[in-house]
Amino acid sequence: MSVLDSIIEGVREDLAARRLPLSQIHEAMERASAPLDGYLSLSRNEMNVIAEVKRSSPSKGALASITDPGALAEQYQESGAGAVSVLTERRRFGGSLQDLDEVKKRITIPVLRKDFMVDEYQFLEARAHGADIVLLIVAALSQSQLRDFYDLSTELGMSVLVEVHTGQELESAMEISPRMIGVNSRNLKTLEVDTRAFSELIPEIPAEIIRVAESGISTRKDVEFAQSVGASVILVGEALVKSGDPISAMQELLGQR
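Residues numbered from 1 in each chain as written. Predicted model: local features only at pLDDT ≥ 70, side-chain atom pairs only at ≥ 80, totals over all residues. Heavy atoms only, no water.

**Q** Can you help me understand the overall build of the chain in this one?
**A** Assigned secondary structure in the chain consists of 12 helices and 10 strands. For 257 residues, the compact-globule estimate of 2.2 N^0.38 gives 18 Å, and the chain sits close to it at 17 Å. With respect to the three principal axes, the spread of C-alpha positions in the chain is 50 × 40 × 35 Å. The proportion of buried residues among the 257 residues of the chain is 54%. Across the chain, contacts joining residues at least 24 apart in sequence account for 66% of those joining residues at least 6 apart. As presented, the chain carries roughly 11,100 Å² of accessible surface, and 45% of it is formed by carbon and sulfur atoms. Of the charged side chains in the chain, 27 are positive and 39 negative; the average position of the first set lies 3 Å away from that of the second. (Helix = DSSP H or I, 4+ residues; strand = E, 2+ residues; numbered from the N terminus. Rg over C-alpha atoms; globule rule 2.2 N^0.38 Å. Buried < 20%, exposed > 50% of the residue type's maximum accessible area, 1.4 Å probe, protein only. Contact = heavy atoms within 4.5 Å. Areas by Shrake-Rupley, 256 points an atom, 1.4 Å probe, with all protein chains shown as cover. Lys, Arg positive; Asp, Glu negative; His and termini not counted. Charge placed at Lys NZ, Arg CZ, Asp CG, Glu CD.)

**Q** Can you help me understand the packing of helix H1 (residues 3–18) against helix H6 (residues 120–128) in this one?
**A** How two helices pack is summed up by the angle between their axes together with the distance between the axes. Running from N to C, H1 and H6 point in directions that differ by 65°, and their axes come no closer than 11 Å. Here the hand of the crossing between H1 and H6 comes out left-handed. Here Val-11, Leu-15 and Arg-18 of H1 lie close against H6, whose contacting residues are Tyr-121, Gln-122 and Glu-125. Of the residues assigned to the contact of H1 with H6, the class counts are 3 nonpolar, 1 polar and 2 charged. (Axes fitted to C-alpha atoms, helices over the stretch in contact; angles between N-to-C directions. Left-handed = near helix turned anticlockwise from the far one by under 90°. Nonpolar A, V, L, I, M, F, W, Y, C, P; charged D, E, K, R; others polar.)

**Q** Which parts of the structure should I look at to understand the sheet that holds strand S7 (residues 159–164)?
**A** Pairing between the strands of a sheet comes from backbone hydrogen bonds, and it takes one of two forms, parallel or antiparallel. Ordered in space as S1-S4-S5-S6-S7-S8-S9-S10, the 8 strands form a closed barrel in which the pairing is parallel. Across the sheet, the axes of successive neighbouring strands diverge by a mean angle of 25°, strand direction being ignored. In this structure, strand S8 (residues 180–184) lies alongside strand S9 (residues 210–214), joined through 5 bridges in parallel fashion. Its bridge partner being in S9, Asn-184 is matched across the sheet by Glu-214. (Pairing = 2+ DSSP bridges.)

Structural data, given as structure tokens:
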């Protein structure tokens, strides 16, 4: 079993334990604030940042305790982030939907629910908790699921980040005509990172699509490399949460200090 398969197995088990009646989820969705436009927010600058609330990862283990995810998100917004990503997967990343709630209450920029979305219920759940953007990982979904989940997310008013790692996955992503594609330099099946994925895949994504570089970005040089091959957004978590000073770390990544 690959790392990705193992993570998804745990996600399904946790989902089964917390699943609520659909009537309750729909009531919560009606109470949630209208979704913000993630595409617009991530198109405003030459280089935009999705800054991540991330406690741990399967590859690195514990990264930061993050006792107040809302306060961290406020720092990200102050630093100029275009969106905040919140890990809600519990077993490998130490996240929760409560983290999403806390972040959503404290900032006015879009919030990405970053999880392994493999069930229709999760998208309703994401909207009920105020998510503005959701993640679709091509490696974790069939082509029909990719299309159905993209359509559902759009119907719910959420923006969608479609994540790829290989050329074949990019071809699958392009079939659903997405507005934002992320190239993850980390192979989720092995957890190995190879930033050549940026130079191989990002130039193949049409310029009208928002192009996001994910994973393996920790220095200003990494950002410049991603930008040189066509990325206009970077998704960064580890470098920010481990820095001890997220505002300064963000400024350094963006070449502002």
